[in-house]
Amino acid sequence: MGGCFSVSLSCDQAVNQVSQCLCVKQSYIHNIEDNLSALETTMEDLKARRDDLSRRVDREENNGLRRRAQVQIQNIQEELATKLGLAGEDWILKNEHQKACEVHNVLRRKKFLLLLDDIWTKVDLTEIGVPYPSRKNGRKVVFTTRSQEVCGRMGVDVEMEVQCLQFQDAFDLFKTKVGEITLRSDPNIQNLASIVAKKCHGLPLALNVIGEAMASKRTIQEWQHAIDVLTSYASEFFGMEDEILPILKYSYDNLKSEHVKSCLLYCALFPEDHRISKHGLVEYMICEGIIDGSESMERAQNKGYEIIGSLIRASLLMEDEKKALREVFMHDVVREMALWIASDFGKHKDNFIVRAGVGLQELPSVKNWNVVKRMSLMSNKIGRVSGSDGCLELTTLFLQKNKKTLCSLSAM
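The sections below set out a description of the structure shown in this document. As the structure is a prediction and not an experimental result, all values here were calculated from the model.

**A word on the sheet that holds strand β6 (residues 374–376)**
Alright, step 1. What the three strands build is an open sheet, ordered β5-β6-β8; its pairing is parallel. The sheet terminates laterally at β5 (352–354) and β8 (396–398), the two strands that pair on one side only. Across the sheet, the axes of successive neighbouring strands diverge by a mean angle of 5°, strand direction being ignored.

**Observations regarding the packing of aromatic side chains**
Aromatic ring pairs are described here by two measures, namely the spacing of the ring centres and the angle between the planes.
Alright, step 1. Within this structure, the stated rule accounts for nine aromatic pairs.
Alright, step 2. Geometrically, the ring pair formed by F167 and F171 is stacked, given 5.5 Å between the ring centres and 15° between the ring planes. Here the residue F167 and the residue F171 both occupy positions in helix α7 (residues 167–178), the gap between them amounting to four residues, near one helical turn.
Alright, step 3. A residue is classified by how much of its surface remains accessible, and F171, at 7% relative accessible area, is buried.
Alright, step 4. Both rings, one in Y266 and one in F398, keep their centres 5.9 Å apart while their planes meet at 80°; by these two values the pair is edge-to-face. Residue Y266 is found in helix α13 (residues 258–267), and its partner F398 is found in strand β8; the two are separated by 132 residues along the sequence.
Alright, step 5. Cation over ring: K175 sits above F171, and NZ or CZ is 4.7 Å from the ring centre.
Alright, step 6. Across from the ring centre of Y252, 5.3 Å away, lies the NZ or CZ of K261, which sits over that ring.

**Remarks on a nonpolar patch on the surface**
Alright, step 1. Where nonpolar side chains cluster on the molecular surface, the patch consists of L39, M43 and L46 and spans about 300 Å² of accessible area.
Alright, step 2. Locating L39 in the fold gives a position in helix α2 (residues 32–84).
Alright, step 3. You can call L39 partly exposed: its relative accessible area is 48%.

What counts and how
Residues numbered from 1 in each chain as written. Predicted model: local features only at pLDDT ≥ 70, side-chain atom pairs only at ≥ 80, totals over all residues. Heavy atoms only, no water. Pairing = 2+ DSSP bridges. Helix = DSSP H or I, 4+ residues; strand = E, 2+ residues; numbered from the N terminus. Axes fitted to C-alpha atoms, helices over the stretch in contact; angles between N-to-C directions. Phe/Tyr/Trp six-rings, centres within 6.5 Å; stacked < 30°, edge-to-face > 60°. Buried < 20%, exposed > 50% of the residue type's maximum accessible area, 1.4 Å probe, protein only. Lys NZ or Arg CZ within 6 Å of the ring centre and 35° of its normal. Patch = residues over 30% accessible without salt bridge, like charges linked within 9 Å, V, L, I, M, F, W, Y side chains within 5 Å. Areas by Shrake-Rupley, 256 points an atom, 1.4 Å probe, with all protein chains shown as cover. Salt bridge = Lys/Arg side-chain N within 4 Å of Asp/Glu carboxyl O.

In structure tokens, the structure reads:
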């Protein structure tokens, strides 16, 4: 037959190969203590490599933050030069120290108000050439930032937190962007517009972008479709991936370590507006390996609370005033950003499936169970769970708070 071939071995050679195979397999049983010792040594080596890689990642991220801070200072200095009339050919030839001296020589004789928008790290005013402001000399610096840590490092005298808009103000802004022509095109659109506006949860950026996107939608069906998309997978809504999520992602990119980033993505497993127990979240992070709990449980717990605090100070997690010591929650648009990032920017949605609190009575359909890494089905009405034997990548499955008694859990 074409394409077939055979190999002949002597009887002694075949017997020797079988005997060798059996002896090798047997040695694994007889030498179990040696094998366990070798396994422990290998595990310690892998753990050391993981820790070394984590340190390298953190170091590179810190270097990136320092480079970003230097760019921030240069940009501010260049803007000041333009405003003060210093920019020109001579200015370009000066180094940073000389530029700082030029700026200082102009400003030291003046009273001024310096406005800095959206700063991400501490701005050393002396590096820029700005004389130190005080109430006595009549010089003031006002800045905006998304980070409470920046406020602390800048030594602010007065800190003012900008809250999301109350619903009526948010709805007024949304209607302005939609326009009266569209709002009056059908008597039912006004009520549907109210629902869409509520999905923005008072965030001006979302109200502006989504309002503009809906300005040309003049049928009930288009508005109902918008509500469906914003409810099921908001990142697919027009303008979200281009104008809203990338801006919010900048806050994520500025987080100091992978542990903090992983914690934020983990919080997206919970339903919208869910109050997450700080203690429970720390326990999850330890069990999931986001925090190393092998050396000291107390140290690991303290690390967990420090991570949560970092996310609060970055305005990516929020605290309820009445339960600030015990609970945190996510703004819905921040949660959508986290889901978008966790699914590789929407390219691999089956990697990170979250259908929490949406009234499911059975498992959602999944195209490829082999790629599912984390799944949250909590706060539904699911009574039976069956999955594929191929869920090799699945590390996290949330089923708590299902209203029906979970009576069956099996593999297909």
